[in-house]
Amino acid sequence: MRLVVISNRLPVTVEGGENEVSFRQSTGGLVQGLSASLDSLKDYTKEAEYVWVGWPGTNIKEELQEKVRKDLQKNFRALPIFIDENEMTGFYLGFCNSTIWPLFHMIPSFATYSDKYFEDYVNVNKKFADTVSNILRDDDIVWIHDYHLMLLPQFLREKKDVPIGFFLHIPFPPFEIYRLLPKQWRASILKGVLGSDVIGFHTYTYMQNFIRTCEKTLGIESEFGKFKVDNRIISVGVFPISIDFEKYNRATENKSVKQEFENLKNTFKNEKVILSIDRLDYTKGVVNRLHAYEQFLEKNPGWHRKVCLVMILVPSRIGVYKYQETKNDIDQLVGSINGKFGAIDWTPIIYQFKNLPFESLTALYAKGDIILVTPIIDGMNLVSKEYIASHRDLNGVLILSECAGSAEELKKAIIVSPNDISEVADAIKRALEMTIEEKKSINKSLQDYLSKYDVKWWAGSFINKLMESHKEKIELEKKKDVNEIKSDMIKDYSMAQKRLFLLDYDGTLVNFSPKPELAKPPSNLVKILERLSKNTKNDVVILTGRDRETIGGWFRNPDIQIFAEHGAYLRQKGEKWIRMLPVENGWKEEIAHIIKIYESRVPASFTEMKDFSVVFHFRNAPEEVVQQEIPELYDVLKTLTSNTGIVVRKINKGIEVKSAMADKSIASLYFLREPYDFIFAAGDDSIDEGIFKNLPKRDVYSIKVGDGFTYANYRAKNPEEISLALKELSSIEYPKKPFWRRLVEIIKR
Ligand code: GDG
């Protein structure tokens with residue numbers, strides 16, 4: 001097995017001369033994280049076999065491409081994707097960084113929408129799919145990274161069915177912001193990501209946003225972080241990225257880091273060092289941070305000459321206007337603060353706009369008395385984690401924005417609102433005055449956490465999940481059709497002494513029809529169930545959401561047992577209907593009132609009121625209206641009923657709102673208390689899965705009707721296959737009446 005890592009940028013940058021090229025290791029959150037974790041993948045991939053696919057960071061002349069490809073493959077296990085300069089501009093500076101980046105960071109006013117950019121985005125994603133599919137082996141697993149490649153999972157899946165994971169390194173915005181993308185783009189992107197088997201986010205908030213956005217945009221439904229789309233299960237999970245803790249923690253053992261650290265100590269003999277280290281980006285909150293530092297200096301003249309803000313800004317996305325604008329604002333503000341407070345012998349801000357080598361970066365981390373990490377919004381933020389890890393003496397203070405993903409983990413830091421300038425200014429003072437004991441206790445616990453949940457843990461847990469979901473998929477595909485196991489089933493049935501049949505009705509015993517009342521059972525089906533239930537060894541139970549009058553009217557034979565309205569009513573062998581649940585239906589009118597509003601908007605829809613549920617049917621409504629109105633109604637109903645005993649679920653062409661206690665899977669337990677040595681259970685939708693899960697492991701023939709994920713052991717293509725199986729079972733052991741007996745019966749009539 002080989003891991004194929006795909007990201008927009010390769011971890012090596014190729015610098016192209018006219019006739020020659022040289023290679024340089026790239027920096028950046030993702031690169032740092034993955035490089036460190038690849039070694040730890042030995043557990044999953046033999047000898048950590050991997051290949052990294054991505055853009056080499058520069059436009060390479062066609063004549064040089066073959067040489068670059070060979071060098072990268074040989075020395076870096078990397079496969080380059082060469083992209084035309086014009087297309088790259090539209091893709092990277094355009095759609096990625098002028099549309100997705102601002103929108104996903106919830107700054108919609110910075111986003112631009114251009115058809116040409118989106119076209120480039122599609123084409124580049126296709127190019128990745130073409131190149132990768134050419135090298136993919138059957139036993140590869142693929143891990144795609146970040147917002148540049150959100151269409152790739154689907155494009156790749158269409159070419160080769162291998163396990164595909166996708167990880168988003170930036171936030172996923174709430175639906176209301178995501179919706180600002182033009183309609184076609186927003187659906188394509190979600191469908192693209194859903195081509196994966198596992199989708200990972202840094203935090204639960206991003207994950208929830210994604211799930212809700214998929215539900216509202218595509219009308220699909222999730223359960224326990226899993227989508228079932230077509231015949232695939234897609235798991236959505238939280239995997240907070242981290243750092244190579246050991247590498248940062250031991251950095252000062254390195255000779256040159258030690259030397260730089262000593263130099264810094266000399267330079268800042270009389271000043272406390274406040275650090276500010278980021279890639280140039282408007283999301284990082286640098287301008288606000290400078291205002292806070294300014295206010296701190298204003299409020300605390302006693303600290304003048306005793307502090308210095310060392311600000312490193314790493315050049316990034318040169319060519320995107322908003323970045324140049326942010327840079328201008330920062331330059332101006334630094335000048336103004338230094339001008340206002342500085343003196344011949346004191347510069348309040350030392351500012352560098354460049355990329356530092358790792359040694360200088362870690363020496364700075366180790367020396368910095370305080371670090372200000374105050375992004376307006378940040379997916380995770382690795383700088384905050386690297387600083388804590390690098391401060392081996394436990395003597396630093398992290399001031400961290402509550403809007404960084406890392407704030408969900410590093411709760412013991414001084415947490416601030418990045419827009420509250422006074423709060424940040426006061427936090428600087430508090431940090432400067434913090435006792436060594438307090439700092440040590442905070443940093444110790446943060447370091448303990450980071451050393452345990454490091455980047456290896458991150459990558460390992462993601463890959464683990466991907467492997468698990470792959471195993472699950474193989475199991476799912478292995479499930480046999482009921483026709484293939486019939487002879488075993490008949491044999492087991494014949495030998496059994498006590499048998500149970502748990503049968504869903506709509507979609508399982510009969511096909512769906514345009515109107516619920518038309519899905520009447522054919523007379524042969526009624527006869528089959530009558531024959532089966534007449535056998536004293538058998539308990540035949542229909543479990544349905546239908547009301548008891550309808551279902552009871554269709555199956556009048558008292559030997560057939562029925563749970564109606566999802567288990568709210570039971571008709572046991574030879575008995576009358578009994579109510580199984582207490583009546584507590586105050587909510588029904590309220591829900592019906594909301595549904596009525598949508599009924600008026602959705603032509604040909606209607607509402608069915610049952611004793612324990614309200615069902616909104618729209619099977620005959622025009623598809624475009626359904627797509628427009630139903631996700632909204634579903635969302636409204638779910639929100640209104642959260643934290644109540646009411647559940648909302650999608651059914652075939654409908655939405656059902658019911659008491660949580662009226663639940664077929666709970667009802668099935670009523671019969672499952674008894675020991676049976678043969679169980680036949682059939683169902684077609686997600687609610688029947690609850691029944692399948694309840695069944696014992698042995699002597700069970702559980703059958704899912706139709707495609708899709710299931711906990712059942714076997715599959716049937718349609719209700720006809722179920723009827724046929726039941727028919728065959730019903731004719732076993734049903735003793736043929738002797739001729740004289742039949743004659744007596746005829747005479748009696
Ligand atoms: C994205 C998400 C998420 C910085 N300056 C220098 C330098 N760096 C390195 C740091 C750190 C990385 O760059 C920056 O990572 P961040 O996480 O802070 O931010 P983004 O670049 O925006 O990363 C972010 C991340 O992806 C991972 O998922 O956390 O939220 O936006 O590793 O050390 N490295 C060197 N010199 C520098 O001057 N060598």
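Conventions used here
Residues numbered from 1 in each chain as written. Predicted model: local features only at pLDDT ≥ 70, side-chain atom pairs only at ≥ 80, totals over all residues. Heavy atoms only, no water. Buried < 20%, exposed > 50% of the residue type's maximum accessible area, 1.4 Å probe, protein only. Helix = DSSP H or I, 4+ residues; strand = E, 2+ residues; numbered from the N terminus. Pairing = 2+ DSSP bridges. Right-handed = clockwise from strand over helix to strand, strands pointing away. Near = heavy atom within 4 Å. Polar contact = N/O pair within 3.5 Å; in protein donor to acceptor, adjacent residues only side chain to side chain. Areas by Shrake-Rupley, 256 points an atom, 1.4 Å probe, with all protein chains shown as cover. Domains from an automatic or database assignment. Core = buried A, V, L, I, M, F, W, Y, C linked by side-chain atoms within 4.5 Å. Contact = heavy atoms within 4.5 Å. Axes fitted to C-alpha atoms, helices over the stretch in contact; angles between N-to-C directions. Lys, Arg positive; Asp, Glu negative; His and termini not counted. Salt bridge = Lys/Arg side-chain N within 4 Å of Asp/Glu carboxyl O. Buried area = accessible area lost by both parts, 1.4 Å probe.

Caption draft 1: Region of interest: the pairing of strand 12 (residues 272–279). Within strand 12, six of the eight residues are buried, which leaves the element mostly enclosed by the surrounding structure. Judged from the eight bridges that link them, strand 12 and strand 13 (residues 307–314) form a sheet pairing that is parallel. Note that in strand 13 the partner of lysine 272 across the bridge is valine 307. Viewed along the sheet, the connection from strand 12 through helix 11 (residues 286–299) into strand 13 turns out right-handed. Note: strand 12 against strand 15 (residues 370–373), two bridges, orientation parallel. Looking across to strand 15, one finds that leucine 275 is bridged to isoleucine 371.

Caption draft 2: Structural context of the site of the ligand. Close to the ligand lie 24 residues; His169, Leu356, Asp378, Leu382 and Glu386 are nearest. Between the ligand and methionine 380, the relevant distance is 2.8 Å, taken from an oxygen atom to a main-chain nitrogen or oxygen of the residue. Between the ligand and leucine 382 there is a distance of 2.8 Å, counted from an oxygen atom to a backbone nitrogen or oxygen. For the ligand, whose accessible area on its own is 730 Å², the fraction buried by protein is 94%. Secondary structure elements with two or more residues in the shell around the ligand: helix 1 (29–38), strand 12, helix 13 (358–367) and helix 14 (382–390). Two domains each donate at least three residues to the shell around the ligand, and these are domain 1 (3–238) and domain 2 (246–452).

Caption draft 3: Examining the nonpolar core more closely. One finds Ile6, Met150, Leu156, Phe210, Phe227, Leu290 and Tyr293 to be the most contacted residues of the largest nonpolar core, which totals 161 residues. No other element matches helix 3 (residues 85–104), which puts nine residues into this core. Looking at which domains feed residues into this core, each of domain 1 (3–238) and domain 2 (246–452) gives three or more. Residue contacts for isoleucine 6: discarding those within four places in its chain leaves Val53, Phe128, Val132, Val142, Trp143, Ile144, His145, Leu149, Leu152 and Leu156.

Caption draft 4: Highlighting the sheet that holds strand 25 (residues 613–617). Read from one edge of the open sheet, four strands run 24-25-27-26, paired in antiparallel fashion. Edge positions in the sheet fall to strand 24 (606–609) and strand 26 (646–651), since each of these pairs with one other strand and no more. Each adjacent strand pair in this sheet contributes to an overall mean axis angle of 15 degrees, direction not counted. Against the sheet, helix 21 (residues 587–601) engages strand 24, strand 25, strand 26 and strand 27 (654–659), with an angle of about 5 degrees to strand 25.

Caption draft 5: Examining the side chain of glutamate 215 more closely. One can find glutamate 215 in helix 8 (residues 204–218). For the buried glutamate 215, no salt bridge exists, and the shortest N-O distance to an oppositely charged side chain is 5.0 Å, to lysine 638. Engagement of the side chain of glutamate 215 in a polar contact is seen with the backbone nitrogen of serine 222, the distance being 3.1 Å. The residues contacting glutamate 215, other than those within four sequence positions of it, are Ile220, Glu221, Ser222, Phe227, Pro631, Tyr634 and Lys650.

Caption draft 6: A look at the domain arrangement of the chain. Along its sequence, the chain is organised into domain 1 (3–238), domain 2 (246–452), domain 3 (480–581 + 663–730) and domain 4 (588–602 + 615–659). Each side of the interface is counted separately: domain 1 has 22 residues, and domain 2 has 20 residues. Carbon and sulfur atoms make up 61% of the surface buried where domain 1 meets domain 2, a total of about 1600 Å² over both sides. Linking domain 1 with domain 2 are zero salt bridges.

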